[in-house]
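Observations on chain architecture
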Amino acid sequence: MLTVAINACFRLKRRAISNEAKDPILGSGWGYFVEDVGFHEVLAEYKEQEEISTCTGLSAIDHANTKYAKGYAATGIGAVVYINMDYVFVSAMREWLVVKKLVSYDIACQWSKNIVERIANLPSHLQIPVPEGSISYVIPKLHYRSHERLNHSQHSLNYLLGCARTDGEGIERRWWWIQPIANSTKVMGPGMRQGMLEDQWGYSNWRKTVDLARTLSARLKEAACEYKEHKSLFDTLTLTLDRARCAGWEAAVKEWELHPGSSDNPYLVVTQGLSEREVLQDLSREEQAASASPGFVAVHSVSMLGFVVLGLEIEAQQRNLSEDSRDATPGKLAELHEHRTSLRRKIQKFRELQGVYMAAAASTLAEDPACHMDVQEVEGIRLGLPSEISQTRRLTVCSPRLLEIEARLREGQCHDSLQDLRSKLHTIHQLYSYKRLNVRNQGPNTRARAGIAYQDAGKSRAVRRYHHARRAMHALTGPGDWEQELRILEDSDIRGLEEDDPRPVKGGHKRKRGDTNGPAEGRRRISWIWHSADQDGSVGMIDSLRVEWLKARARQMRWGEELRLLPEEMRRVLVTYRYEHQQWVARSTSPPSTDPAVREGMVAYAIKQAGIRRAMVQVFKSICLPVASSASPTAIKDWDGDRWNEEGIAVEVAAEEEGGEFMDYLMISQLDGEDLEPQYRC
């Protein structure tokens, strides 16, 4: 399976200060860039495209069409939204049509939609076939957190079969590495800019190629340790669970793994408490059924349910009005007075209904100064709902049905508040990430901070609403099993999924770069607010446990795939080095020139490059062979034993056979063979 990473870097802009007539592009389409003329011809046929993602706000879509792009001939570079990336993608894939592909893109969930139809609209030489099921579309792990969770597990590299420990962020590392020259290339002409970037990427790829020995060996060592640990954790967890239940979970997830997205998402907790709206619907049906029974007499045009709902609505308005009054400017005082007048009329209506459904509470309310209406700030008036009446008097002034109605609505309020809190935490994290990575200059920063402050205020309201609803429910029902699901909300619990370290910050300061990070995904301790339920034996607990078991299974499977994949990747690296050696040897025997001086130079260069590849094989084996043999002894059977004979050239495999004098392997990337000692040259 071929892994393909797609991304765009909007820092690599170019000002419209030159043209191709003054600074032509040499060898357009010969290197990393697509052919320039054909690309612009296709691009001219498309109008500007608006934002395309409906589930996330990444810079890949926010910066594609922006007012800050005026005055630039290029707003960035797309590497393998839409027409740009479609063109780059098919241009890169024309030589890899028969290979199954794993394509990662920040907005793969949106970009993959209608991709076949869009390719069909490209020029005929770019209309590559895309057989059904030949491409799996995934979102890089770092960007996956910025997407909504619903219907996105089929795009997660943590859950798909065969992905091993691929993170999909390799192309982002190249953007980060090349950022220092972005300001320089911004003021270059098209030819110089493209030549500069071609050189930079060529060097970057060469460094990556010669570093493969140390990179792959380090990853294989890590994979061996991690697989052993995660398999032990998974097996231990499985032994504590019911075998039949685990078998059912495994059968369901295997079906999903064969056809991701075609069935219900097994990695999503589906059990959760009823929302306030759902509780209200149930209570309404119950009241309608009761009103249809013989002998029912309505005591008022507003039902008992309507009375409690009105009280909860007034409570919410009081909280909002209290917040508005604290920050009210002189220009807002008139509007604030109108809101208070409207709220006073609602409270008067509530008092009227209270005399019907809580008639015995009149004396209790009269004794409490906080319940009196003769105040200007009506947002501070206590309503006297059943939960606000003392426990000693509650049963005498409130009917059991009234207590049940408020308790059920309060439970719905708790669930709604937690859902709102989770949504706000996710949004705040997304906005912070976007601001840190993509927002520059004072104006955009001010707008970004305003958006974050607005969401933070919403988060605080959700917390206060949960605290109030939970206190009311506790007053009405007392302690019980419901407290396992709706726990006391501490400040340390109010954190997003990404903030996986609940430890207090040392010295009251934020963690700095280099400080110990929180546990990774495999050791995450998420806040209880992200669980739908956690009570022993409940449906919610079983559902949460199912997801945790499936994630533990996926973790040990991905590490197992990594352990099997890396030795094969090592073997293929060796094959590649040897193939390149043969290519350079062949070029040294038949240089494409008749000029003796030119031929001599080409032969010398080809022999030098062949020597470099031969040395890379030696060092690669000396580093990777011991690691691969210890991790998987059977995986090295195709590594050709002790000696390698190609084209009649014998090369010693072990570095110690060279007398231990072989120069530092990493220097190859810097010297490119120029300073190799004579005995190591061909």
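Residues numbered from 1 in each chain as written. Predicted model: local features only at pLDDT ≥ 70, side-chain atom pairs only at ≥ 80, totals over all residues. Heavy atoms only, no water.

**Quick word on the overall build of the chain**
From N to C terminus, the chain includes 22 helices and 8 strands. Counting over 682 residues, the chain shows a buried share of 41%. A total accessible area of about 37200 Å² is found for the chain, and carbon and sulfur atoms account for 52% of it. (Helix = DSSP H or I, 4+ residues; strand = E, 2+ residues; numbered from the N terminus. Buried < 20%, exposed > 50% of the residue type's maximum accessible area, 1.4 Å probe, protein only. Areas by Shrake-Rupley, 256 points an atom, 1.4 Å probe, with all protein chains shown as cover.)

**What about helix α10 (residues 212-239)?**
The end-to-end C-alpha distance of α10 is 40 Å, a good match for the 40 Å that 28 residues give at a rise of 1.5 Å each. Residues A213, L216, S217, L220, A223, E226, H230 and F234 constitute the buried set of α10. (Expected span 1.5 Å × (residues − 1).)

**Some details on the packing of aromatic side chains**
Throughout the structure, instances matching the rule amount to 16 aromatic pairs. Relative to W111, the ring of Y105 lies with its centre 5.6 Å away and its plane at 85 degrees, an arrangement referred to as edge-to-face. Residue Y105 is classed as buried on the basis of its relative accessible area, which comes to 1%. Residue W111 is classed as buried on the basis of its relative accessible area of 0%. The structure contains a cluster of three or more aromatic residues connected by ring pairs, namely Y32, F33, W175 and W201. A cation sits over an aromatic face here: R587 above W584, 4.5 Å from the ring centre. (Phe/Tyr/Trp six-rings, centres within 6.5 Å; stacked < 30°, edge-to-face > 60°. Lys NZ or Arg CZ within 6 Å of the ring centre and 35° of its normal.)

**Describing the nonpolar core**
Counting residues in each nonpolar core, the largest one holds 32 residues, and the members touching the most others are F307 and L409. Only α12 (276-291), α13 (304-326), α14 (333-357) and α17 (400-438) provide two or more residues apiece to this core. Element by element, the count of residues in this core is highest for α13, at 9 residues. With sequence-adjacent residues up to four places away left out, L409 is seen in contact with E276, V279, L280, L283, L305, V308, V309 and L312. Among the nonpolar cores identified, the runner-up in size contains 26 residues, and I6, C109, Y137 and Y144 belong to it. (Core = buried A, V, L, I, M, F, W, Y, C linked by side-chain atoms within 4.5 Å. Contact = heavy atoms within 4.5 Å.)

**Here we look at the pattern of salt bridges**
Applying the stated criterion to the full structure yields 27 salt bridges. Residue E404 pairs with R401 through a salt bridge whose shortest N-O separation is 3.2 Å. Note that E404 and R401 are positioned in helix α17 at a spacing of 3 residues, about one turn of the helix. Among the salt bridges present, the one from R572 reaches E568, with a minimum N-O distance of 2.8 Å. (Salt bridge = Lys/Arg side-chain N within 4 Å of Asp/Glu carboxyl O.)

**Things to note about α14**
In this model, α14 (25 residues) spans 36 Å end to end at C-alpha, consistent with the 36 Å of a helix rising 1.5 Å per residue. Turning to α14, its buried residues are L336, R340, L343, I347, F350, L353, Q354 and Y357. Its buried side turned inward, α14 meets α13, α15 (362-367), α16 (391-397) and α17.

**Details of unusual backbone geometry**
In terms of backbone geometry, most residues other than glycine have negative phi values and most peptide bonds are trans. Positioned with a positive phi, N114 is a non-glycine residue whose angle comes to about 60 degrees. As for its position among the elements, N114 is in the loop between α4 (108-111) and α5 (115-120). The residue A164 is not glycine, and still its phi comes out positive at about 50 degrees. Given the relative accessible area of 1%, A164 is considered buried.

**Digging into the side chain of Q194**
For Q194, the location among the structural elements is in helix α9 (residues 190-210). Given the relative accessible area of 7%, Q194 is considered buried. When residues no more than four places from it in sequence are discounted, the contact partners of Q194 are I25, S28 and F33.

**Re the side chain of K101**
In this structure, K101 sits in strand β5 (residues 101-105). A distance of 2.8 Å separates a polar side-chain atom of K101 from the backbone oxygen of W96. Beyond its immediate stretch of four places on either side in the chain, K101 contacts M1, L2, M93, W96, S134, I135 and S136. (Polar contact = N/O pair within 3.5 Å; in protein donor to acceptor, adjacent residues only side chain to side chain.)

**Details of the environment of R410**
You can see R410 is positioned in helix α17. C-alpha of R410 to C-alpha of L476: the two residues are 66 residues apart in sequence and 9.5 Å apart in space. The contacts of R410, once residues within four sequence positions are left out, are L312, E315, L385, S387, H468, A469, A472, M473 and L476. Side chain to side chain, R410 and E315 meet in a polar contact 3.0 Å long.

**Here we look at the packing of α10 against helix α21 (residues 596-631)**
Contact pair α10 / α21: the axes reach a minimum separation of 9 Å and the direction vectors enclose 15 degrees. With respect to their mutual orientation, α10 and α21 come out roughly parallel. Classified by chirality, the crossing of α21 by α10 is left-handed. Packed against α10, whose contacting residues are L212, A213, R214, L216, S217, L220 and K221, the element α21 presents F620, I623, C624, V627, A628 and A631 at the interface. Of the residues in the contact of α10 with α21, the class split is 10 nonpolar, 1 polar and 2 charged. (Axes fitted to C-alpha atoms, helices over the stretch in contact; angles between N-to-C directions. Parallel < 35°, antiparallel > 145°, perpendicular 65-115°, else oblique. Left-handed = near helix turned anticlockwise from the far one by under 90°. Nonpolar A, V, L, I, M, F, W, Y, C, P; charged D, E, K, R; others polar.)

**Thoughts on the confidence of the model for the chain**
Overall, the prediction assigns the chain a mean pLDDT of 79, with 80% of residues at 70 or greater. Confidence drops under a pLDDT of 50 for residues 532-538, and excluding neighbours within four residues, the segment shows 20 contacts in the predicted structure. This model gives residues 641-682 a pLDDT under 50, and the stretch forms 79 contacts once residues within four places in sequence are excluded. (pLDDT = per-residue confidence, 0-100.)

**Some details on the packing of α12 against α17**
Following both chains from N to C, one finds α12 and α17 inclined at 155 degrees, their axes separated by 7 Å at the closest point. It follows from the interaxial angle that α12 and α17 lie roughly antiparallel. Seen from α12, the contacting residues are E276, R277, V279, L280, D282, L283, E286 and E287; seen from α17, they are R401, I405, R408, L409, G412, Q413 and D416.

**Overview of the environment of R393**
Summarising the element assignment, R393 is placed in helix α16. When its relative accessible area of 34% is taken as the criterion, R393 is described as partly exposed. With near-sequence residues (within four places) excluded, R393 lies in contact with T364 and E367. Side chain to side chain, R393 and E367 meet in a polar contact 3.3 Å long.

**A closer look at the environment of V463**
Relative to the helices and strands, V463 is located in helix α18 (residues 442-477). A relative accessible area of 11% places V463 in the buried class. Spatially, the C-alpha atom of V463 lies 9.5 Å from that of D491, the residues being 28 residues apart in sequence.

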